[in-house]
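Each chain is listed here by its residues.
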Amino acid sequence: GVTSGVINNGIWSGNGVVTFSYEDPTPSMAVISTAPTSACSGETLTFTCDVLSEATFYTWTVSAGATFISGQNTNTITVLATSDFTVDVYGVNGTCSLSGPAATTINVTVLALPSVTANATETAVCAGEPTTLTGGGADSYTWSNGISDGVSFVPAGTATYTVTGTDLNGCENSADVTVTVNTLPTVGLNATMTGTFCGGQDVTLTGTPSGGTYTQTAGPVNALSTNIFNAPQQGNYTVSYSYTDGNGCTNTSLENFTIDCMLGLDLISKDGSMNVYPNPNNGQFTIKSDVNEKGTLELFNLSGQLVYTQDIDNLTEKTIEVKNLAPGVYTLNITSGEKKFSGNLNIIK
């Protein structure tokens, strides 16, 4: 059975011994030195066995609960764990086609992932409105985009948020929720008169888009009827127009009015100390006030030209008659010491 031997020809005399010696080429038992015994489903695991001097490669066996990723025929493998499984390995002397005994079988327990849910108090909001995201099915939660679990926030725009939930075993799973942010409708409010003017006249309000609601939000008295504003008293007023679109989103436009005089009613100073009536008139009107002093009356046309002036001895009550003025609206100034009253006087004939 000896091949490639060396033969020394000759004759030998006397007793002798012939000795044959050889090294056993069969690998010894493999020992798995790196061996996790538990994992979360979907986790990648690494197993390593000690290097055997007789082995030229290693044969690994895993049961159906795991799938090889890499490393077969080496002393280190990676596998994907999906359910409970077993692992063993044995060394092979490929030169002599001899296999050693398998390592002690490793049993790996694979834990199911938590069933994580992503929840939102509102999955569709209007711009500027808040929502709150909460995770379910685990013990702790981490959200993407810097969101805190269970804490209200205002989304900047439509986005999908991912929550990662971790259970008491350290196993993680994730879920998504999309929050849609609807833009607010573009709302406008126009008025036939704006800014500062005399009350006692109709101001028509037109809101866009149509179908919204008109509301007076400030003012000394109610001056709004549907979409008609008519202030019965001097003061500062605010009217709003609100419109809600098909997504339930509401936007509002405001219009501010300052009423510093009255048309069609008594012309009353802001502090209530002076009345000029009637207004409109035919050029004859009465001044009545609590100012028991003399004063000066001036009338200016729409171009700002002084068209009439009169000194008044006593402003307590005085009837004025202005002739030769064309019908129209004039600015009336009454000055008494440091007191000054200004308003619009409407002359009709």
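All values derive from a computational prediction rather than experimental measurement. (Residues numbered from 1 in each chain as written. Predicted model: local features only at pLDDT ≥ 70, side-chain atom pairs only at ≥ 80, totals over all residues. Heavy atoms only, no water.)

**Details of the overall build of the protein**
If you tally the helices and strands in the protein, you get zero helices and 32 strands. Once the C-alpha set of the protein is aligned to its principal axes, its extents read approximately 170 × 35 × 35 Å. A burial count over the protein gives 36% of its 349 residues as buried. For the protein, the proportion of contacts with a sequence separation of at least 24, taken over those separated by at least 6, is 51%. In the protein, which carries 8 positive and 28 negative side-chain charges, the distance between the mean positions of the two groups comes to 52 Å. (Helix = DSSP H or I, 4+ residues; strand = E, 2+ residues; numbered from the N terminus. Buried < 20%, exposed > 50% of the residue type's maximum accessible area, 1.4 Å probe, protein only. Contact = heavy atoms within 4.5 Å. Lys, Arg positive; Asp, Glu negative; His and termini not counted. Charge placed at Lys NZ, Arg CZ, Asp CG, Glu CD.)

**Some words on the sheet that holds strand β12 (residues 131–136)**
As summarised here, the arrangement of the three strands in space is β10-β12-β14, forming an open sheet in which the pairing is antiparallel. Edge strands, defined here as strands with exactly one partner in the open sheet, are β10 (117–120) and β14 (152–153). In terms of strand pairing, β12 meets β14 through two bridges, oriented antiparallel. Residue pairing for β14: Thr131 is matched across the bridge by Phe153. (Pairing = 2+ DSSP bridges.)

**Some remarks on the sheet that holds strand β22 (residues 228–229)**
Taken in spatial order, the four strands make up an open sheet running β17-β19-β22-β21, and their pairing is antiparallel. At either margin of the open sheet sits one strand with a lone partner, and together these are β17 (188–191) and β21 (224–225). As judged from the two bridges shared by strand β19 (residues 203–208) and β22, these two strands associate in the antiparallel manner. Within β22, the position partnered with Val203 by the bridge is Phe229.

**A short note on the state of the cysteines**
Each disulfide consists of a covalent bond between the sulfur atoms of two cysteine residues. In the structure shown here, the tally under the stated rule is two disulfides. Here Cys40 engages in a disulfide with Cys171; their sulfurs sit 2.0 Å apart. Its S-S torsion of approximately -85° makes the covalent link between Cys40 and Cys171 left-handed. Remark: Cys171 occurs in the loop between β15 (159–166) and β16 (172–182) and Cys40 occurs in strand β2 (residues 38–40); sequence separation between them is 131 residues. Taken as a pair, Cys40 and Cys171 share a single burial class, namely buried. Disulfide pairing places Cys126 opposite Cys249 at an S-S distance of 2.1 Å. Of note, the bridge from Cys126 to Cys249 carries an S-S torsion of about -95° and is left-handed in sense. (Disulfide = S-S within 2.5 Å.)

**Side note on unusual backbone geometry**
Across the junction of Thr208 and Pro209, the peptide omega takes the value -10°, indicating a cis bond. Position of Pro209 relative to the elements: it lies in the loop between β19 and β20 (213–218). The omega torsion across Tyr277 and Pro278 is -10°, close enough to zero to call that bond cis. Note that Pro278 resides in the loop between β26 (274–277) and β27 (284–289). Phi is positive for Ser97, close to 55°, though the residue is something other than glycine.

**A short note on the environment of Phe47**
Looking at the secondary structure, you find Phe47 in strand β3 (residues 44–49). For the pair Phe47 and Val17, spaced 30 residues apart in sequence, the C-alpha to C-alpha distance is 50 Å. In contact with Phe47, other than residues within four places in its own chain, are Thr34, Ala35, Pro36, Trp60, Asn75, Thr76, Ile77, Val79, Phe85, Val87, Ile106 and Val108.

**What to know about the packing of aromatic side chains**
For the coordinates displayed, the defined rule picks out six aromatic pairs. Their ring planes at 50° and their centres at 4.8 Å tell us that Tyr214 and Tyr241 sit as a pair that is tilted. Here Tyr214, found in strand β20, pairs with Tyr241, found in strand β23 (residues 235–244); they are 27 residues apart in sequence, far enough to count as distant. Tyr241 sits in the buried class, given a relative accessible area of 1%. (Phe/Tyr/Trp six-rings, centres within 6.5 Å; stacked < 30°, edge-to-face > 60°.)

**Thoughts on the pairing of β19**
Residues Val203, Leu205 and Gly207 of β19 are buried on one face, while the alternating residues Thr204, Thr206 and Thr208, pointing to the opposite face, are not. Of the pairings in the sheet, the one linking β17 to β19 comprises four bridges and is antiparallel in character. Considered in β19, the bridge of Ala191 is made with Leu205.

**Some words on the nonpolar core**
In terms of nonpolar packing, the biggest core is built from 22 residues, with Leu45, Phe47, Trp60, Val79, Phe85, Val87 and Val89 touching the most fellow members. Breaking this core down by element, the ones donating at least two residues are β3, β4 (57–62), β6 (76–81), β7 (85–93) and β9 (106–111). Residues Phe285, Leu297, Tyr330 and Phe341 belong to the second largest nonpolar core, which totals 19 residues. (Core = buried A, V, L, I, M, F, W, Y, C linked by side-chain atoms within 4.5 Å.)

**Observations concerning the pairing of strand β28 (residues 295–300)**
Sheet topology note: the β28/strand β29 (residues 306–312) ladder contains six bridges and is antiparallel. Paired with Glu298 across the two strands is Thr309, which belongs to β29. Where β28 folds back onto β29 in an antiparallel hairpin, the turn is made up of five residues, including Gly304, whose phi is positive at roughly 85°. Two strands pair when backbone bridges link them, and β28 and strand β31 (residues 328–336) are joined in this way by five bridges, in the antiparallel orientation. Residue pairing for β31: Phe300 is matched across the bridge by Thr331.

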